[in-house]
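Listed below are the residues making up each chain.
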Amino acid sequence: MKEAAFPPSFYSKNRKRLSAVLPEQTVALIVSNDQMPRSGDQYYAFRQNSDLFYLSGITQPQTILALCPDHPNPKFKEILFILRADALREAWDGHRLTPAEATKKSGIQTVFPVDHFDQVIDDLVYPSKQIFLNITENTKNTNELTTHDIRIANLLKIRYPLHQYGRLAPLMSSLRFKKQSEEIQVIRNACEITQRAFERILHKIRPGMHEYEVEAEMTYEMVRHGASGHAFHPIVASGRNACVLHYNANNTVISENDLILLDFGAELAYYASDCSRTIPVSGHFTKRQRQLYDAVLRVFYKVRQLMHPGVSITQINVQTGRFWEEEHIKLGLYSMEDLKRQDPDRPLFQKYFMHGVTHSIGLDVHDVSDRYQS
């Protein structure tokens with residue numbers, strides 16, 4: 001289950017949906033992620049560009065997908081460029097897809113070696129008025145690397161300076177935002193594996209363990225049930241470590257009276273899950289810990305009632321802040337008088353709750369969405 005979970009018809013359907021919203025006489029290019037060097041001749045584990053996977057199911061590096069729906073040559077309406085078979089490299093790195101295998105997996109009939117891209121691209125661009133490129137757009141991503149998609153964009157703008165260029169990201173986001181039934185089932189399966197990992201931790205955790213031992217237990221349970229591993233770097237934060245939002249050192253010894261924050265999720269067939277839970281290491285809350293836990297639980301139940309069609313993520317987060325003000329006053333963290341005097345741009349609740357409560361999940365753990373859209 002670590003590989004693609006869908007038949008080629010799923011990817012073909014997604015390409016048709018994208019082609020239907022492309023302007024006339026457009027060529028769209030979607031490229032794979034880079035292999036990132038780790039040290040020496042080693043690379044970090046490769047993970048395919050989510051959009052390329054969504055449209056093709058191909059998980060190999062150095063892959064390019066070209067869509068040209070209005071091209072006069074039917075064979076050029078969809079083209080997949082993949083690594084050429086190389087017996088020597090396969091002896092070291094494993095099997096590479098043959099063109100026939102790539103067609104069987106993706107449903108794309110025209111498959112070329114990626115080193116033919118430079119020869120074929122003219123035939124795609126010259127009959128087209130626009131070139132749409134798939135550069136990642138994420139308000140939380142300040143990537144300074146010159147990635148594969150950036151390099152392709154720079155090369156094309158030099159080679160075809162008089163063409164118009166467009167952004168694929170908004171179109172892809174609108175397609176991926178609404179999940180299909182096949183995707184929902186895989187996400188549910190990923191969530192079930194995450195639940196198994198959480199239940200394992202409940203039985204294994206004890207004072208004196210290191211946080212990384214807890215991480216190892218959840219990793220074991222995920223992988224043994226078919227997940228590729230974690231959808232994001234897990235947070236296993238005991239005691240004061242839980243006050244660091246993105247704590248991930250996971251190397252502290254867990255103490256008897258600690259609460260431990262677990263923020264983790266399995267990735268299954270490229271789809272993410274995400275779970276946040278806080279539990280007492282000893283199995284019992286202190287009096288104050290119980291007060292805090294119950295306050296969180298009350299807010300959770302109230303927020304869950306807000307989640308229905310017609311309500312945006314932004315609206316939910318605004319109302320969550322109001323819920324927390326009520327609970328913080330009950331907990332004695334500040335008073336109603338303090339609340340009346342607060343700086344509206346720096347509300348008091350954000351000292352204790354400085355993040356949001358919800359996000360989309362899918363091919364990315366913080367999947368494409370519009371937080372202002374209801």
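Presented here is an overview of the structure given in this document.

Cut-offs applied
Residues numbered from 1 in each chain as written. Predicted model: local features only at pLDDT ≥ 70, side-chain atom pairs only at ≥ 80, totals over all residues. Heavy atoms only, no water. Helix = DSSP H or I, 4+ residues; strand = E, 2+ residues; numbered from the N terminus. Buried < 20%, exposed > 50% of the residue type's maximum accessible area, 1.4 Å probe, protein only. Contact = heavy atoms within 4.5 Å. Expected span 1.5 Å × (residues − 1). Pairing = 2+ DSSP bridges. Axes fitted to C-alpha atoms, helices over the stretch in contact; angles between N-to-C directions. Core = buried A, V, L, I, M, F, W, Y, C linked by side-chain atoms within 4.5 Å. Salt bridge = Lys/Arg side-chain N within 4 Å of Asp/Glu carboxyl O. Phe/Tyr/Trp six-rings, centres within 6.5 Å; stacked < 30°, edge-to-face > 60°. Lys NZ or Arg CZ within 6 Å of the ring centre and 35° of its normal. Parallel < 35°, antiparallel > 145°, perpendicular 65-115°, else oblique. Left-handed = near helix turned anticlockwise from the far one by under 90°. Nonpolar A, V, L, I, M, F, W, Y, C, P; charged D, E, K, R; others polar.

**What about the overall build of the protein chain?**
For step 1, the next point in the chain: Assigned secondary structure in the protein chain consists of 12 helices and 14 strands.
For step 2, the next point in the chain: Along the first, second and third principal axes, the C-alpha set of the protein chain runs to 70 × 50 × 40 Å.
For step 3, the next point in the chain: The 374 residues of the protein chain split such that 42% are buried.
For step 4, the next point in the chain: Long-range contacts, defined as pairs at least 24 residues apart, comprise 69% of the intrachain contacts of the protein chain with a sequence gap of at least 6.

**A few points about helix H8 (residues 181–204)**
For step 1, the next point in the chain: If you check H8, its first and last C-alpha atoms are 35 Å apart, about what 24 residues at 1.5 Å a residue would give, namely 34 Å.
For step 2, the next point in the chain: All of the buried residues along H8 are Glu 183, Val 186, Ile 187, Ala 190, Ile 193, Thr 194, Ala 197, Phe 198 and Ile 201.

**Quick word on the sheet that holds strand S14 (residues 275–280)**
For step 1, the next point in the chain: Spatially, S10-S11-S14 is the arrangement adopted by the 3 strands of the open sheet, whose pairing is antiparallel. The open sheet terminates on both sides in strands that have one partner only, identified here as strand S10 (235–238) and S14. This sheet shows a mean twist of 10° between the axes of neighbouring strands, independent of strand direction.
For step 2, the next point in the chain: Pairing analysis gives 6 bridges linking strand S11 (residues 259–264) to S14, with the strands arranged antiparallel. Paired with Leu 261 across the two strands is Thr 278, which belongs to S14.
For step 3, the next point in the chain: The strands touched by H8 within the sheet are S11 and S14, with S11 carrying the most contacts at an inclination of about 160°.

**Some points on the nonpolar core**
For step 1, the next point in the chain: Residues Leu 18, Val 214, Leu 262 and Tyr 271 are the most contacted members of the largest nonpolar core, which totals 52 residues.
For step 2, the next point in the chain: Of all the elements, H8 adds the most residues to this core, at 7 residues.
For step 3, the next point in the chain: Apart from the residues within four sequence positions on either side, Tyr 271 is in contact with Phe 6, Phe 10, Phe 53, Tyr 54, Glu 183, Val 186, Ile 187, Ala 190, Ala 266, Gly 362 and Leu 363.
For step 4, the next point in the chain: The next biggest cluster of nonpolar side chains, apart from the first, holds 22 residues, and it includes Phe 81, Ile 121, Ile 131 and Leu 156.

**Digging into the pattern of salt bridges**
For step 1, the next point in the chain: For the structure shown, the criterion picks out 22 salt bridges.
For step 2, the next point in the chain: Note that Glu 327 is salt-bridged to Arg 298, the shortest N-O span being 2.8 Å. Of this pair, Glu 327 sits in helix H11 (residues 313–331) while Arg 298 sits in helix H10 (residues 287–306), and the two are 29 residues apart along the sequence.
For step 3, the next point in the chain: Note that Arg 341 is salt-bridged to Asp 338, the shortest N-O span being 2.8 Å.
For step 4, the next point in the chain: Note on Arg 341: relative accessible area 61%, which makes it exposed.
For step 5, the next point in the chain: One network of salt bridges, with partners in common, ties together Asp 51, Arg 176, Lys 179, Asp 364 and Asp 367.

**Focus: the packing of aromatic side chains**
Given two aromatic rings, their pairing is described by the distance between the two centres and the angle made by the two planes.
For step 1, the next point in the chain: Per the stated rule, a full pass over the model turns up 14 aromatic pairs.
For step 2, the next point in the chain: A centroid spacing of 5.7 Å and a plane angle of 85° characterise the contact between Tyr 126 and Tyr 160, whose relative ring orientation is edge-to-face. Of this pair, Tyr 126 sits in the loop between helix H5 (117–125) and strand S7 (130–133) while Tyr 160 sits in the loop between helix H6 (148–159) and strand S8 (164–167), placing them 34 residues apart in sequence.
For step 3, the next point in the chain: Take Tyr 160: its relative accessible area is 2%, and that puts it in the buried class.
For step 4, the next point in the chain: Every member of this aromatic cluster is reached through a ring pair, and the members are Phe 6, Phe 10, Tyr 11, Phe 53, Tyr 54, Tyr 270 and Tyr 271.
For step 5, the next point in the chain: Directly above the aromatic system of Tyr 165 lies the positively charged group of Lys 157, at a separation of 5.6 Å from the ring centroid.

**What to know about the packing of H10 against H11**
For step 1, the next point in the chain: Taken N-terminus to C-terminus, the directions of H10 and H11 make an angle of 155°; their axes are 10 Å apart at the nearest point. One way to sum up the angle between H10 and H11 is to call them roughly antiparallel. The two elements H10 and H11 meet at a crossing, and its hand is right-handed. Residues Arg 288, Gln 291, Leu 292, Ala 295, Val 296, Arg 298, Val 299, Lys 302, Val 303 and Leu 306 of H10 form the contact with H11, whose own contacting residues are Ile 316, Gln 319, Thr 320, Phe 323, Trp 324, Glu 326, Glu 327 and Leu 331.
For step 2, the next point in the chain: For the contact of H10 with H11, the class distribution of residues is 10 nonpolar, 3 polar and 5 charged.

**What to know about unusual backbone geometry**
For step 1, the next point in the chain: You will see that Gln 25, though not glycine, has its phi angle at about 55°, which is positive.
For step 2, the next point in the chain: Tracing the sequence through the fold places Gln 25 in the loop between helix H1 (8–21) and strand S1 (26–31).
For step 3, the next point in the chain: Owing to a relative accessible area of 31%, Gln 25 belongs among the partly exposed residues under this scheme.

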